[in-house]
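Read off the chains here:
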Amino acid sequence: LWQRIITFSFSLTQLPRTKDNHTMSADELADIDDGDLPEPSLKNIIDQTTLQWVFVGGKGGVGKTTTSCCLGVQLAKSRKKVLIVSTDPAHNLSDAFCQKIGREPTPIEGFDNLSAMEIDANNDMEEMQRNMNEQGTEDDGGLSSMMSELTNSIPGIDEAMSFSELMKQVQGMDFDVVVFDTAPTGHTLRLLSFPTILEKALGKVMELKDRFGGLIGQATAMMGENPGATQDAILGRLEETRTVINKVNDMFQDPAMTTFVCVCIPEFLSIYETERLVQELSKFGIDSHNIVVNQVLFPEKDAEELSEWYTKTKASLPTEAQEICAKMMARKRMQDKYIGQCFDLYGEDFNVTLMPLLDHEVRGTERLKDFSEFLTNPIDIEE
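Keep in mind the model is a prediction, meaning the values are calculated, not measured.

Conventions used here
- Residues numbered from 1 in each chain as written.
- Predicted model: local features only at pLDDT ≥ 70, side-chain atom pairs only at ≥ 80, totals over all residues.
- Heavy atoms only, no water.
- Pairing = 2+ DSSP bridges.
- Helix = DSSP H or I, 4+ residues; strand = E, 2+ residues; numbered from the N terminus.
- Contact = heavy atoms within 4.5 Å.
- Axes fitted to C-alpha atoms, helices over the stretch in contact; angles between N-to-C directions.
- Core = buried A, V, L, I, M, F, W, Y, C linked by side-chain atoms within 4.5 Å.
- Buried < 20%, exposed > 50% of the residue type's maximum accessible area, 1.4 Å probe, protein only.
- Phe/Tyr/Trp six-rings, centres within 6.5 Å; stacked < 30°, edge-to-face > 60°.
- Lys NZ or Arg CZ within 6 Å of the ring centre and 35° of its normal.
- Disulfide = S-S within 2.5 Å.
- Parallel < 35°, antiparallel > 145°, perpendicular 65-115°, else oblique.
- Left-handed = near helix turned anticlockwise from the far one by under 90°.
- Nonpolar A, V, L, I, M, F, W, Y, C, P; charged D, E, K, R; others polar.
- Expected span 1.5 Å × (residues − 1).
- pLDDT = per-residue confidence, 0-100.
- Polar contact = N/O pair within 3.5 Å; in protein donor to acceptor, adjacent residues only side chain to side chain.
- Right-handed = clockwise from strand over helix to strand, strands pointing away.

1. Quick word on the sheet that holds strand 2 (residues 82-86)
Stage number 1. Here we have eight strands laid out as an open sheet, ordered 3-4-2-5-1-6-7-8, and mixed in their pairing. Edge positions in the open sheet fall to strand 3 (106-107) and strand 8 (351-356), since each of these has one partner strand only.
Stage number 2. Two strands pair when backbone bridges link them, and strand 3 and strand 4 (residues 114-118) are joined in this way by two bridges, in the antiparallel orientation. Residue pairing in the sheet places Pro107 in a bridge with Ser115 of strand 4.
Stage number 3. Sitting on the sheet, helix 4 (residues 64-75) is in contact with strand 1 (53-58), strand 2, strand 4, strand 5 (177-181), strand 6 (258-264) and strand 7 (290-296), with an inclination near 170° to strand 5.
Stage number 4. Each of strand 7 and strand 8 touches helix 13 (residues 319-346); the most contacted strand, strand 7, lies at about 175° to it.

2. Let's talk about the nonpolar core
For soluble globular proteins, the rule of thumb is that nonpolar side chains tend to be buried together.
Stage number 1. Among the nonpolar cores identified, the biggest contains 39 residues, and Trp53, Val178, Leu192, Phe260, Ile291 and Val293 are the most heavily contacted of them.
Stage number 2. Take this core: its biggest share by element is five residues, from helix 11 (residues 268-284).
Stage number 3. Those residues in contact with Val178, other than ones at most four positions away along the chain, are Gln52, Trp53, Val54, Leu83, Val85 and Val170.
Stage number 4. Core analysis: the second largest hydrophobic core is formed by 34 residues, Ile84, Phe111, Leu114 and Val261 among them.

3. Points about the environment of His91
Stage number 1. Take His91: it is sitting in the loop between strand 2 and helix 5 (93-97).
Stage number 2. In the structure, His91 is positioned 26 residues away from Met117 in sequence and 9.6 Å away in space, judged by C-alpha atoms.

4. Here's the deal with the packing of aromatic side chains
Stage number 1. Tallied over the entire structure, the rule returns seven aromatic pairs.
Stage number 2. Both rings, one in Phe55 and one in Phe260, keep their centres 6.3 Å apart while their planes meet at 5°; by these two values the pair is stacked. In this pair, Phe55 sits in strand 1 while Phe260 sits in strand 6, placing the two residues 205 residues apart along the sequence.
Stage number 3. Where Tyr346 meets Phe350, the ring centres are 5.3 Å apart and the plane angle is 65°; that geometry is what we call edge-to-face.
Stage number 4. One aromatic cluster in this structure is built from Trp53, Phe55, Phe180, Phe252 and Phe260.
Stage number 5. The ring of Phe175 carries Lys81 above its face, with NZ or CZ at 4.8 Å from the centroid.

5. Here we look at the state of the cysteines
Stage number 1. Applying the stated rule across the entire model yields zero disulfides.
Stage number 2. No disulfide involves Cys342; its nearest neighbouring cysteine sulfur is the one of Cys264, lying 5.1 Å away.

6. Some remarks on the packing of helix 11 against helix 13
Stage number 1. It is at 10 Å that the axes of helix 11 and helix 13 come closest, and there the two elements cross at 15°. Here helix 11 is positioned roughly parallel relative to helix 13, judged by the angle of their axes. The interaxial crossing formed by helix 11 with helix 13 has right-handed handedness. Residues Phe268, Ile271, Thr274, Glu275 and Val278 of helix 11 form the contact with helix 13, whose own contacting residues are Tyr338, Cys342 and Tyr346.
Stage number 2. Residue classes in the contact of helix 11 with helix 13 are distributed as six nonpolar, one polar and one charged.

7. Looking at helix 4
Stage number 1. Taking 1.5 Å as the rise per residue, helix 4 with twelve residues should run 16 Å; its terminal C-alpha atoms sit 16 Å apart, in good agreement.
Stage number 2. Taking burial as the measure, the twelve residues of helix 4 include eleven buried ones, the bulk of the element.
Stage number 3. Buried within helix 4 are the following residues: Lys64, Thr65, Thr67, Ser68, Cys69, Cys70, Leu71, Gly72, Val73, Gln74 and Leu75.

8. Side note on the confidence of the model for the protein
Stage number 1. On average, residues of the protein score 78 in pLDDT, and 68% of them reach the 70 mark or higher.
Stage number 2. Within the model, the stretch residues 1-24 combines pLDDT values under 50 with 43 contacts to residues more than four positions away or in other chains.

9. Points about the side chain of Ser372
Stage number 1. As for its placement among the helices and strands, Ser372 is situated in helix 14 (residues 365-376).
Stage number 2. Looking at Ser372, its side chain comes within polar contact range of the side chain of Gln74, at 2.8 Å.
Stage number 3. When residues no more than four places from it in sequence are discounted, the contact partners of Ser372 are Cys70, Val73 and Gln74.

10. Description of unusual backbone geometry
Stage number 1. A positive phi angle is found at Gln295, which is not glycine, with a value near 60°.
Stage number 2. Inspection of the secondary structure puts Gln295 in strand 7.
Stage number 3. A residue is classified by how much of its surface remains accessible, and Gln295, at 35% relative accessible area, is partly exposed.
Stage number 4. Positive phi outside glycine occurs at Phe298, with the angle close to 40°.
Stage number 5. Looking at the secondary structure, you find Phe298 in the loop between strand 7 and helix 12 (303-313).

11. Considering the environment of Gly285
Stage number 1. If you trace the backbone, Gly285 turns up in the loop between helix 11 and strand 7.
Stage number 2. When its relative accessible area of 35% is taken as the criterion, Gly285 is described as partly exposed.
Stage number 3. Ignoring sequence-local partners within four residues, the contact set of Gly285 consists of Phe252 and Gln253.

12. Some thoughts on the pairing of strand 6
Stage number 1. Most of strand 6 is tucked away, with seven of its seven residues classed as buried.
Stage number 2. Taking every second residue as pointing to the same face, both faces of strand 6 are buried, with Thr258, Phe260, Cys262 and Cys264 on one and Thr259, Val261 and Val263 on the other.
Stage number 3. In terms of strand pairing, strand 1 meets strand 6 through six bridges, oriented parallel. By the bridge assignment, Val54 is partnered in strand 6 with Thr259.
Stage number 4. Handedness of the β-α-β unit built from strand 6, helix 11 and strand 7 comes out right-handed.

In structure tokens form, the structure reads like this:
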């Protein structure tokens, strides 16, 4: 992995290259036969009717929320009920749709089959622990209190159990497909690792139970409780949680049901983070074959083509206009370099979708509807 990352980092400082290490010019990039590459759109996700979970993630500030909303809009055209869930503590769904969205599924204005909700795993965990403590004082002889102590004793298990509660809640809802608008990469990778963390933690608990079951029985007997009933109740609750987690893990690792859409912008740090994300997703066994590149300047035009235009018209432009065009051209050349690198790295295996930089913000239902069309109707880069 590290060798590939080092090679990748160095390659990003160079112009795009072919597999025989030949530097690719803009003309050669344009001459690539599109028929040899996967379709540069997310239409494959829309057409895959078996999908139930679609995660959208990437570096902070690259347009994950906009992409999630647009994908939800497109899915709503062919699915009966679609839900968009924000797991980012800094929620933006309300801002994107220009309406108040809470912790319960909220119908999106202008749709009869699209809803959204914003959740906070940390708050949900605190509420779950409060409920367990309250129940522990009422009817189960301290069982819930013991479960609460257990969740505090294993690093990471609190968030993992909160995540399992979220998945249990979402599974109980009647939605055909759920789009997760995730937090920046690090948080997302942690989120996706929760099923594995909890499975290992519960496995350790079961081992301890087998080794120290007698000691636990004596301790519960000293407290005046029925040892067998208490142990059975604890194990029953752990097994229930474990069953949910195993089911979620199996679903996550089933490419027919779950996929991950990586979002980036054509800059070094964002492309680098995308490579790290792709590697980690592969480790978790989670399918990922779509990359969305946002904020692309004139995706249908080539930097050399624009340079020729600028050279011809530069003399007739005012000084201020020349400075503006020069900055735009520098940005366009930089973007073309990283877009070429992105296609060179992922083009053969991934659907790489280019989304244009617009003159306005993409906020509100109507603008999201219009912008979402670029996800399924790719821009012809040879126009």
